[in-house]
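# Examination of the molecular architecture
Chain by chain, the residues run as shown.
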Amino acid sequence: MLRYAFLATAMAMFIAPAQSADTDFSGNWFLAYSSRPGSESNLAIVKVEMKDGKPVPTAVFPAGLVVTGFEITDGKQVKFTTSIGPSFEGVLAKDGNVVGSLGDDRLMFRARLIKTEKSEIAANERITAVPLPEPYTKAQSLTNAALIAKGSAGREKDEEKKKELLEKAEVAQKEANEKVPQLFRDVIAKHADSPFVIEAAAELFRNKLANVKEDEANAIVALVEKAAMPYGERYATVAKLQTLEALATIRGLEDSTVLAADKLKKSLSATAPVALQSRVLTVLQTALRGTNSPKNDEALKAVTAELAGIESKLDEEYNAKVPPFKPTPFAGRKDKEANKVAVLELFTGAQCPPCVAADVAFDALQKAYKPSELVLIQYHLHIPGPDPLTNTDAIARARYYAANSTPSTFFNGAKAAAGGGGMAGAENKYKQYIGVIDPLLETSTEVKIAGRAARSGDKVNIGVEVTGPTEGLTLRLLVVEETVKYVGGNNLRFHHQVVRAMPGGADGVAISDKTFKHAATVELGEVRKSLNKYLDEYSATRTFPKPDRPMDMKALRVIALVQNDKTKEIVQAAQFNIADSTDGE
């Protein structure tokens, strides 16, 4: 499974002049790749043998990995594809390693092949620390200090200590706000010959306190192109695109973004991946809208129409391929008296590549179980980056469980089946989830939940009745949207059972009787207003990667949870479809 990390050398490499055609590529090679400043991941070891003048690759580590389509051209250019999806393209560099990129339509990373005598990767060799430019290290340290301080304050129960921690968090955030933009500028100015310029540029553009001007932005875009070129044309295209996606978020620089994005669009070949075309058109559309100029109306209409056609095609392809396995319908409970409903709560993020396996496994469970057997709930968090599907109730629920990372999974209130991975790991994650869910379905409870929900326009009325031994238990209500389309950094196109609101709040309502009735009303207009207000406030300090805020809220469901707050156990749960109603009753 892919664990995205960063390049492990000084990174000031440049492509060597053409090598002789008889360059010997025989031997073992580490396949390493990068995406996170500060570390590199060794993914595999590929053995190359020459037979009849042709290279024959074998993946000697890990077991099961297959390498196909291995090509060497001009004695220096190397290409191949892996069975887990990403392909490698690179060129022989001065130091004898092959420098290039590893990726697919969705994600692209700097990568290299490193000559080695080893035939396996030890646990302590899978991730290697990378020396970063000093200003980058300082920027990371200041940013992390502010985040850690905020997290500590959020988890603290004692009010006095909480107040003290909040004050420390405010001081840490103020220092980060003052110093981080200049530190990223220092990376760009003083380390222009390193690829860290690429990440620093994106971070600077996303920082709303950086006050980037047009001349500076144009110069930085040019530096990014130069820094990316040693890793090949396809990586350079993606690096520039990522930079423009960040630049498009800056008010007043829309014209610069339009020019650069249009130039990038025209540079794409007719065979460029559809997903890449979509991203380029999206950033161009965003910038054209931002100009708010009548002279761009026709261009905006043309780009919007072209993008709609491509998006439709991508949706169709995605639904045909995801999940990449066929879920098996649950055969039914062995104990016919068992009645407990299993609940899976997934904390995830649309910008989280390691969440892909968890999210896709979660989606597959919908095809395997009925809602009377398994209730699925998905909370979005701003981890590792801003996510417009996040809301304050989701954040409060994460604090309730002390869920500080994504993906995190809780089954009937208990944390289990931790970890994530890429698309290739989705089926194993699905099987892992089933291993937790099926035993829960063989248990019973005396607590019962009945209820209904009806919608009239933007008004949803909910009525729930809880019966049984309920002393000390809490009722929580959730409104979830069955399908939300939003393409974030991990390139999952659809998200399911997304929590939009928790009527009555994340703390819920204490159940006060053995027969407990509770009613709630949700005004969806107010929910949208509240979500927009929260996202506006959040975006004042962290810029969202794109302006999309999907809030259709067409296919909604209501979920009721009865939970023991002392043990966190969810004793029983129920999901209700929302009926149409002319009077809202």
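Residues numbered from 1 in each chain as written. Predicted model: local features only at pLDDT ≥ 70, side-chain atom pairs only at ≥ 80, totals over all residues. Heavy atoms only, no water.

## Some thoughts on the pairing of strand β2 (residues 39-51)
The following threshold applies: Strands were regarded as paired on the criterion that DSSP finds at least two bridges between them. By definition, any uninterrupted DSSP run of H or I lasting at least four residues is a helix, any uninterrupted run of E lasting at least two residues is a strand, and each is numbered from the N terminus.
In this sheet, β2 lies alongside strand β1 (residues 27-34) in antiparallel orientation, the contact comprising seven bridges. Each residue of the ladder has a partner; that of Asn 28, found in β2, is Lys 47. What sits between the antiparallel neighbours β1 and β2 is a turn of four residues, in which Gly 38 has the positive phi angle 115°. As paired strands, β2 and strand β9 (residues 127-129) are joined by three bridges and run antiparallel to one another. Across the sheet, Ser 39 pairs through a bridge with Ala 129, a residue of β9. Counting the residues in the hairpin turn of β2 and strand β3 (residues 54-61) gives two residues, including Asp 52, whose phi is positive at 55°.

## A word on the packing of helix α5 (residues 233-247) against helix α6 (residues 254-267)
Operational definition: Think of each axis as a best-fit line through the C-alpha atoms, taken over the contacting stretch in the case of a helix, with angles from 0 to 180 degrees between the N-to-C directions. The scheme is simple: roughly parallel for angles under 35 degrees, roughly antiparallel for over 145, roughly perpendicular for 65 to 115, oblique for anything else. Here is the rule for handedness: rotate from the far helix to the near one, and if that takes an anticlockwise turn smaller than a right angle the crossing is left-handed, while a clockwise turn gives right-handed. Contacts are residue-level and defined by heavy atoms, with any inter-residue pair within 4.5 Å sufficient. Residues are sorted three ways: Asp, Glu, Lys and Arg are charged, Ala, Val, Leu, Ile, Met, Phe, Trp, Tyr, Cys and Pro are nonpolar, and all the rest, Gly among them, are polar.
Two elements in contact, α5 and α6, have axes separated by 10 Å at closest approach and are oriented at 155°. Put simply, α5 runs roughly antiparallel to α6. Judged by the twist between their axes, the crossing of α5 over α6 is left-handed. Judged by residue contacts, Thr 237, Lys 240, Leu 241, Leu 244 and Leu 247 of α5 engage Thr 257, Ala 260, Ala 261, Lys 263 and Leu 264 from α6. Within the contact of α5 with α6, the residues separate by chemical class into six nonpolar, two polar and two charged.

## Here's the deal with the environment of Lys 431
Cut-off, in case you're wondering: The buried label applies to any residue whose accessible area, calculated with a 1.4 Å probe on protein chains only, is under 20% of its type's maximum; exposed applies above 50%, and partly exposed to all values in between.
Position of Lys 431 relative to the elements: it lies in helix α11 (residues 426-440). Look at Lys 431 and you get partly exposed, because its relative accessible area is 49%. Along the primary structure Lys 431 and Arg 528 are separated by 97 residues, whereas in three dimensions their C-alpha atoms are 36 Å apart.

## Some details on the state of the cysteines
Heads up, the condition is: Cysteine sulfur atoms that pair up within 2.5 Å are treated as a disulfide.
Within the structure shown, the criterion is met by one disulfide. A sulfur-sulfur distance of 2.2 Å marks the disulfide that ties Cys 352 to Cys 355. A torsion of 80° about the S-S bond marks the disulfide between Cys 352 and Cys 355 as right-handed. Take Cys 352 and Cys 355: they sit in the same class, and that class is buried.

## Quick look at helix α1 (residues 134-155)
Convention followed: Multiplying one less than the number of residues by 1.5 Å gives the expected span of a helix.
If you check α1, its first and last C-alpha atoms are 32 Å apart, about what 22 residues at 1.5 Å a residue would give, namely 32 Å. On its buried side, α1 packs onto α2 (159-190) and α3 (196-206).

## Overview of the pattern of salt bridges
For the record, the criterion: Whenever a carboxyl oxygen of Asp or Glu lies within 4 Å of a side-chain nitrogen of Lys or Arg, that contact is scored as a salt bridge.
As enumerated under the stated definition, the model contains 26 salt bridges in all. Here the residues in one salt-bridge network are Glu 311, Asp 315, Lys 485 and Arg 493, joined through shared partners.

## A short note on the packing of aromatic side chains
Each aromatic ring pair is specified by the distance between its two centres and by the angle formed by the two planes. Counted only if it meets this: Within 6.5 Å between ring centres, the rings of Phe, Tyr and Trp (the latter by its six-membered ring) count as paired, and their orientation is classed by plane angle as stacked under 30 degrees, edge-to-face over 60, tilted in between.
Under the definition given, this model contains 18 aromatic pairs. Each ring, one from Phe 70 and one from Phe 80, has its centre 5.5 Å from the other, and the planes form 5°; the classification is stacked. Placement of the pair is Phe 70 in strand β4 (residues 67-73) and Phe 80 in strand β5 (residues 77-82), with a sequence separation of ten residues. Residue classification places Phe 70 among the buried positions, given a relative accessible area of 11%. A relative accessible area of 2% places Phe 80 in the buried class.

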